[in-house]
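Residues per chain are reported as follows:
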Amino acid sequence: MALVECSTYDEYLELKPLLRNNILSSFNFKLTSNGIISNRTDINHYDIFPSSLGPLLETTNTQELHLRFTQGFWDHEIWGRLPFDGFKSGGTGVEVWANMNGDTKDEVYQNWIILANSLSAFFCASLNFIDSSTTTFPRSCFSSNSTIDINNNNNNNTSYLLRSALPREPVCTENLTPFLKLLPTRGKAGISSLLDGHKVFDAEWNSMSIDIIKRMKEDQTLIYEMDIKINLVVNIPKKLSKNINQIPKPIPGEELRCDPTKKSDIYHCFPLDEPVNYEWDLETLFGKDINGGIYISERQSRVCMANVDENYWKISGIKKKNDDLTFLEPKVLTDSYGTCFELEDAAYNYDIKFETSDSTKLPPMEPIPITVSRSLTGYSQDSGGFRTIFQNPSSTETELIYFETMPWYMRVYLHTMELTIVNNINKTKNVYHIINSEFDEKNKVIKNVYYKPEKDRSKPSHLELTLMIPADSTVTITYQFDKSLLLYAEYPPDANHGFDIDPAVVTVLDESRKEVYQLRTTSLLLTLPTPDFSMPYNVIILTSTIMTLIFGALFNMLIKRVLSVEEYDEIVGQSSIISKLKTRIQLFKKKLTGKTD
Amino acid sequence: MPESYPEFLKRIKVFSIFFFYSILIGIPIWLNTTSIEKRELPVNKLQELEEAFKIDFDIPIILSFMGTDFDESLINETQVLIDEELGKFNNGGLISYHLQLKTADATLEEDLQTDEHHCELYLEKSEDEDRVFVSPFTKKMNLYVSEATRVNGNTSKFISNFLIHDLFKDEIDTLLKSEKNFEANKEEENFTRSGSASESGSGTEIDDLLTISYSPHYKLVFNLINEDGVKIGWDIEHSVEKYFKNLVAQLDRYADFSIDTNIQYYCDLNIDESGLTPSDNEAGFLLTNKELSTFINYNDWNLNNNGFNDYSQVINFIVYIPRGDRPLFIENSKSNSFIIPKWGSIQLLNLNKLKKDFLDEVDLLPILENFSSELFSLLGIPVKSASKNLSINIEFKMRSIIVSNLLNTFKNLSNLVKLTKNLKNISIPMETLVNFEKSLKYYETTIEFLNDSKFNKALKASSLALYNSDQAFFDKNMIQQVYFPDEHKLAVYTPLIGPILTTMALSLIKCLKDFRKIKQDIHDKKKK
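Residues numbered from 1 in each chain as written. Chains lettered and ligands numbered in written order. Predicted model: local features only at pLDDT ≥ 70, side-chain atom pairs only at ≥ 80, totals over all residues. Heavy atoms only, no water.

Peer 1: Could you clarify how one ought to interpret the packing of aromatic side chains in this entry?
Peer 2: Where two aromatic rings form a pair, the distance of their centres and the angle of their planes describe that pair. On inspection of all chains with the given rule, the structure shows 40 aromatic pairs over all chains. Centroid distance Phe222(B) to Phe244(B): 5.0 Å. Interplanar angle 80 degrees. Geometry classified as edge-to-face. Separated by 22 residues along the polypeptide, Phe222(B) in strand 6 (residues 217–226) and Phe244(B) in the loop between helix 9 (236–243) and helix 10 (245–250) bring together distant segments of the chain. Relative accessible area serves as the criterion here: at 0%, Phe244(B) is assigned to the buried category. A network of ring pairs unites the aromatic residues Phe551(A), Phe555(A), Phe15(B), Phe18(B) and Phe19(B) as a single cluster. Of note, Arg399(B) hangs over the ring of Phe455(B), and the distance from its end group to the ring centre comes to 5.9 Å. (Phe/Tyr/Trp six-rings, centres within 6.5 Å; stacked < 30°, edge-to-face > 60°. Helix = DSSP H or I, 4+ residues; strand = E, 2+ residues; numbered from the N terminus. Buried < 20%, exposed > 50% of the residue type's maximum accessible area, 1.4 Å probe, protein only. Lys NZ or Arg CZ within 6 Å of the ring centre and 35° of its normal.)

This is the structure:
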């Protein structure tokens, strides 16, 4: 066994201004491990790659692991395409999928649970809630990137892709610390020193991703490649005002920016648009500057800014130690866009300053291939429906894979699926029902349907559609479902809040069926009929009372003597004091009136 | 008109049917459906086993004679002596200990192929005085017997003295102690129910505090930890191969070991720098005991690599490199290292003198030597004992672990039984029962293996027994939340039980009254 020293580390920060004074910062960390030896008796050497993850991946036989922690809403109308074409950002909450090897599905599933539980402890997230009722085996929406040919690698193992999502998980500061712990710098130097939980989760949108892939190198050694990305969109005016005053306060009257062309006095003010000239630096965005460069990587860590119009934008890098300030030389690197600043010295702090006279002067936004919106329809407690609208703004038809999982308590009726195709130019409208016998021939939109129905308490329903969205048109897919009642103990705390439904995943393919873009819809909130949780007491007490009432009535009826009226009178006449009294009274009455008789 | 007797009988029949259904069928059903799951633990079996608890150690000692100065009768003679000596120890206690002397013959050789515990003694004539030579590598020991001893017929005494008061002394002492502790605990259970710590139970020594609890799997992690971010490498691969692979191979019977190495950067110390005392003879600072207790920043350093791997116990070895401009020294430590009990060992390495960014085999040699001796202290395998022979010491450790595993299994199980007896509301789920039974089964197999002198298998079985008893004791379902506590049950069901019982009681009274009346009537009629 020979030690393969091939671990590498590389980090860079990319900044890209977006419309309406937003800035997208994406932190990229790339790690590769030394050669991995699966054999237990041999020694594994870790340096850059975290030693905490390696053994876990080995014991669970994981070839690929992908984790996404996302919070916020990506506003594609203003911000354009998702960073990295959406392949590095998940839907709201936590999403995890992994490619695992094993002989049987059960074995792989057992490993998957071990993996989820360990990751849960590692990332301080509720990944331990992953069980068979949230796990799916996706078919085509998530492509495998692993280059290991399973068949020639080791025995007859089969590879399985498992996926689960927890849309309810609040991604929060405690989730960032484990991310930083995976880095060899652990947030103490280099660009990761900018990351601070309070600032990252204060962003408009943030997404943290981890992709680990086991890869075979040319020399037949197996290594892990890990790609950590943290993307966030920060609104600059908001940040600037927050830095001045933590608690938002109304702007004093004299500082209001009113439209001079309209009426303006102390009572009237037609506000102007936001200003476009701003000045800020990294410290404004992250609360601190970069704590020096790093020595452990082959390449210097660097900060790159997307190309912008130099007439309106001025960007300068500053290197400082105590009061000693020097400006950095901007560089153009072949493998990064825009201008870059290299952080060469560990002893200095670095900061980047931005000045803009017109922040709207940005390169044109790249068009997005498709927009998808999904919503719940219906208002009743026992049934509802899904409506998903695909809009193709381009003038070419677009092929995509639509992946959706629904929890078992939504009983989907796929036969109610209805397809509406509206051409946005000539406004023609076609409606197709799936039960119609001509559905397959007439609609050219749904190419392929894969559906695996749910199983109570153990499996979610899993729907994968291959769709061809015609040019310039809107396709609406609807279908209905029933809501089922859960068992008493199955309701989560605060059940009246509703149940979150995973975002659907849409993967856009190009002509050669290569994946070019991926996006996720928002998560949905489903309200289920929720019982009153003091119910068990009430039910027990109420039924008990009713049972006793019935019992009492029945019992008394059966156990008591049945008498005719005459018999009763006879008995009463013999014994009762009251009846004696009655006869006395009657006698007395007779005495009073007896004279006339 | 009074009620006729047959009519009354009908009423009594109706009443008894109601009584039968509600009291004899209804109440048991109600109790059964609303009770918590309580499986019957095999308490009697545990008691039986506990009473019959006896561990027999039978260790074969193979005696070979070099030369013709000794005859076979020596064996019987020595055996008698040994039995006599050990008789004091085996005096009706839980653990009995036997050393069986055997001659080296061909059939025995085959038995020993299984690599079970034994010792080989070679008797030889000595020219001067009685001497013992213990080989550090094999299980062979040479006894040199002087002429004087031989002539006086003291050879057998010499052998038995060597075995009991030298070679196996530590083991006998340890076993005796754990036996005493166990009996003391048992007595304590019987007499004092209060939870006060007893004096006899706290007989733990420094060794016990240091030792990592036994596990069938250990993981050794060698960490090179750098205070700052200066790139560094080490030739750990070859060094570990050279100095540790061999050790680990020898420890193979004891447990299996896996090795990982790891380099980390930017690991700050959790100490107040201004409070450090400067070192006397060298440029640098001294770390006192106070600083060492908080030396490791568990929160910040990535040392949490246990837990993923099948219940392995992790033993950490850390080489810590302080910042170049601030060398650190440990007060009163020549090797500049210290042990964290039950966790691992730390070595400080100031690189300012070495001026390099790669540690080669020569640099690592003294460090790894230190680590290897500390590995034994952490495992609790005695190195300072009378015999320097590693494999005999490992065997000794294995036997004492079998004893402590079995004793702890009993402790766990009897505590579980006690717990379920004291807490009426605790549920005993199926899993607990299964683990309980498994644990007893493994206990029995351990005893079987011990009777066959198969110590390696006995060790595995005994650790499984302990593991299962732990699982039984710590089953989380035992303290599951019930919707309402058991003592509220009657209150919740009062609306049902109260009225039914009162109506029935009242009608019973009424029936009795009527019965008396009827009897009176019949009596009166007869009189008439």
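Peer 1: Whenever I open this one, the pairing of strand 12 (residues 324–327) of chain A confuses me. Can you help?
Peer 2: In the case of a regular strand, side chains alternate between the two sheet surfaces. Residue and element names in this part refer to chain A. As judged from the 4 bridges shared by strand 11 (residues 313–321) and strand 12, these two strands associate in the antiparallel manner. Looking at the pairing, Lys319 lines up with Thr326 of strand 12. In textbook terms, the turn of a hairpin is the stretch between consecutive antiparallel strands, and for strand 11 and strand 12 this stretch comprises 2 residues, one of which, Asn322, has a positive phi near 55 degrees. (Pairing = 2+ DSSP bridges.)

Peer 1: Explain the pattern of salt bridges here, please?
Peer 2: Side-chain pairs of opposite charge can arise whenever the charged atoms involved come near each other. All names here are of chain A. Taken as a whole and assessed by the stated rule, the structure comprises 33 salt bridges over all chains. Here Arg302 makes a salt bridge to Asp10, at a shortest N to O gap of 3.1 Å. Pair noted here: Arg302 is in strand 10 (residues 301–305) and Asp10 is in strand 1 (residues 8–18), with a separation of 292 residues, a long-range link. Of the residues examined, Arg302 reaches a relative accessible area of 1% and is grouped as buried. Across the pair Glu399 and Arg513 runs a salt bridge, and its minimum N-O distance is 2.2 Å. Of this pair, Glu399 sits in strand 18 (residues 398–406) while Arg513 is found in the loop between strand 25 (505–509) and strand 26 (515–520), placing the two residues 114 residues apart along the sequence. Taken together, the shared-partner salt bridges connect Arg68, Lys88, Asp211, Asp227 and Lys229 into one network. (Salt bridge = Lys/Arg side-chain N within 4 Å of Asp/Glu carboxyl O.)

Peer 1: For this particular structure, what's the right way to read the UniProt feature "transmembrane region" (unreviewed entry) in chain B?
Peer 2: Residue and element names in this part refer to chain B. The sites that carry the UniProt feature "transmembrane region" (unreviewed entry) are, in the present numbering, residues 12–31 and 490–509. In this annotation, residues 12–31 is assigned 100% helix and 0% strand; the end-to-end C-alpha distance for the span is 27 Å. The distance from the first to the last C-alpha atom of residues 490–509 is 24 Å, and the span holds 95% helix and 0% strand. (UniProt positions renumbered as here; feature names shortened; annotations may be inferred.)

Peer 1: How should I be thinking about the state of the cysteines in this particular structure?
Peer 2: What we call a disulfide is simply a covalent bond connecting the sulfur atoms of a pair of cysteines. Residues and elements named next belong to chain A. This model, assessed by the stated rule, comprises 2 disulfides over all chains. Linked covalently through their sulfurs, Cys258 and Cys269 form a disulfide whose S-S length is 1.9 Å. For the disulfide bridge between Cys258 and Cys269, the dihedral angle about the S-S bond is near -110 degrees, and by the sign convention the bridge is left-handed. With Cys258 in the loop between helix 7 (236–244) and strand 9 (278–281) and Cys269 in the loop between helix 7 and strand 9, the pair connects residues that are 11 residues apart, well separated along the chain. A relative accessible area of 29% places Cys269 in the partly exposed class. (Disulfide = S-S within 2.5 Å.)

Peer 1: How do you make sense of the pairing of strand 7 (residues 205–216) of chain A when you look at a structure like this?
Peer 2: Residues and elements named next belong to chain A. Burial within strand 7 is extensive, with 10 of its 12 residues counted as buried. Two strands pair when backbone bridges link them, and strand 4 (residues 62–72) and strand 7 are joined in this way by 9 bridges, in the antiparallel orientation. The partner of Arg68 across the bridge, within strand 7, is Ser209. Summarising the sheet, strand 7 and strand 8 (residues 222–235) pair through 12 bridges and their orientation is antiparallel. By the bridge assignment for strand 8, Asp211 is matched with Asp227. Connecting strand 7 to the antiparallel partner strand 8 that follows it, the hairpin turn spans 5 residues, and Gln220 within it adopts a positive phi of roughly 70 degrees.

Peer 1: Explain the UniProt feature "transmembrane region" (unreviewed entry) in chain A to me, please; I cannot follow it from the model alone.
Peer 2: Those places that UniProt annotates as "transmembrane region" (unreviewed entry) correspond, in this numbering, to residues 537–559 of chain A. A helix fraction of 100% and a strand fraction of 0% characterise residues 537–559 of chain A, whose end C-alpha atoms lie 32 Å from each other.

Peer 1: Whenever I open this one, empty space enclosed by the protein confuses me. Can you help?
Peer 2: Think of a ball as big as a water molecule: rolled over the atoms, this probe shows where empty space is left. Per the counting criterion, the structure on display carries 5 cavities of 30 Å³ or more. Approximately 100 Å³ is the volume found for the largest cavity. Residue lining of the largest cavity: 15 residues in total, with Asp47(A), Ile48(A), Pro184(A), Gln264(B) and Asn302(B) positioned closest to the centre. Element by element, the count of residues in the lining of the largest cavity is highest for strand 8 (residues 256–264) of chain B, at 3 residues. Its residues placed into classes, the lining of the largest cavity shows 8 nonpolar, 4 polar and 3 charged. (1 Å grid on protein atoms, 1.4 Å probe; cavity = no way out; pocket = protein on both sides within 12 Å on 5 of 7 lines; lining within 4 Å. Points joined across faces, edges and corners; volume = space filled by probe spheres on them. Nonpolar A, V, L, I, M, F, W, Y, C, P; charged D, E, K, R; others polar.)

Peer 1: Hey, could you run me through the side chain of Glu14(A) in this one?
Peer 2: Residues and elements named next belong to chain A. Of note, Glu14 is situated in strand 1. Among buried charged residues, Glu14 stands out as having no salt bridge; its nearest opposite-charge side chain is Lys229, 7.0 Å away. Setting aside residues up to four positions removed in sequence, Glu14 forms contacts with Leu24, Ser25, Ser26, Asn28, Phe84, Cys304 and Tyr337. (Lys, Arg positive; Asp, Glu negative; His and termini not counted. Contact = heavy atoms within 4.5 Å.)

Peer 1: I'm lost on the environment of Glu127(B) in this one. Help?
Peer 2: Within the secondary structure, Glu127(B) is located in the loop between strand 3 (119–125) and strand 4 (131–134). Residues Glu127(B) and Glu147(B) lie 20 residues apart in sequence; the distance between their C-alpha atoms is 7.0 Å.

Peer 1: I keep staring at the interface of chain B and chain A and nothing clicks. Help me out?
Peer 2: Often, the extent of an interface is quoted as the loss of accessible area upon association of its parts. On the chain A side, the residues contacting the 51 residues of chain B number 53 residues. Of the roughly 4800 Å² buried between chain B and chain A, counting both surfaces, carbon and sulfur atoms make up 57%. Linking chain B with chain A are 1 salt bridge, by the criterion used here. The partner of Lys188(A) in a salt bridge is Asp268(B), and the shortest N-O contact between them spans 3.6 Å. Taken together, the connections running from chain B to chain A amount to 10 residue pairs in polar contact (both at pLDDT 80 or more). The set of elements that each furnish at least two residues to the side of chain B that touches chain A consists of helix 1 (5–34), strand 6, helix 9, strand 8 and helix 17 (494–527) of chain B. No other element matches strand 8 of chain B, which puts 8 residues into the side of chain B that touches chain A. (Buried area = accessible area lost by both parts, 1.4 Å probe. Polar contact = N/O pair within 3.5 Å; in protein donor to acceptor, adjacent residues only side chain to side chain.)

Peer 1: Looking at this structure, how should I read unusual backbone geometry?
Peer 2: Not every positive phi belongs to a glycine, and Asn21(A) is a case in point at roughly 60 degrees. Within the secondary structure, Asn21(A) sits in the loop between strand 1 and strand 2 (22–32). If you check the backbone angles, Asn336(B) has positive phi at about 60 degrees while not being a glycine. Summarising the element assignment, Asn336(B) is placed in the loop between strand 12 (328–330) and strand 13 (337–340). Under the relative-accessibility criterion, Asn336(B) is labelled buried at 9%.

Peer 1: Explain the sheet that holds strand 6 of chain B to me, please; I cannot follow it from the model alone.
Peer 2: Hydrogen bonds between backbone atoms are what pair the strands of a sheet, whose relative direction is either parallel or antiparallel. Strand order in the open sheet formed by 6 strands is 3(A)-8(B)-6(B)-11(B)-14(B)-13(B), and the pairing between neighbours is mixed. A single partner strand is all that each edge strand has here, and the edge strands are strand 3 (44–46) of chain A together with strand 13 of chain B. Taken over all neighbouring pairs, the strand axes of this sheet differ in orientation by 15 degrees on average, direction set aside. Two strands pair when backbone bridges link them, and strand 6 of chain B and strand 8 of chain B are joined in this way by 9 bridges, in the parallel orientation. Considered in strand 8 of chain B, the bridge of Val221(B) is made with Asp260(B). Here helix 12 (residues 361–379) of chain B sits on the sheet in contact with strand 6, strand 8, strand 11 (313–321), strand 13 and strand 14 (344–348) of chain B, set at roughly 150 degrees to strand 11 of chain B. (Axes fitted to C-alpha atoms, helices over the stretch in contact; angles between N-to-C directions.)

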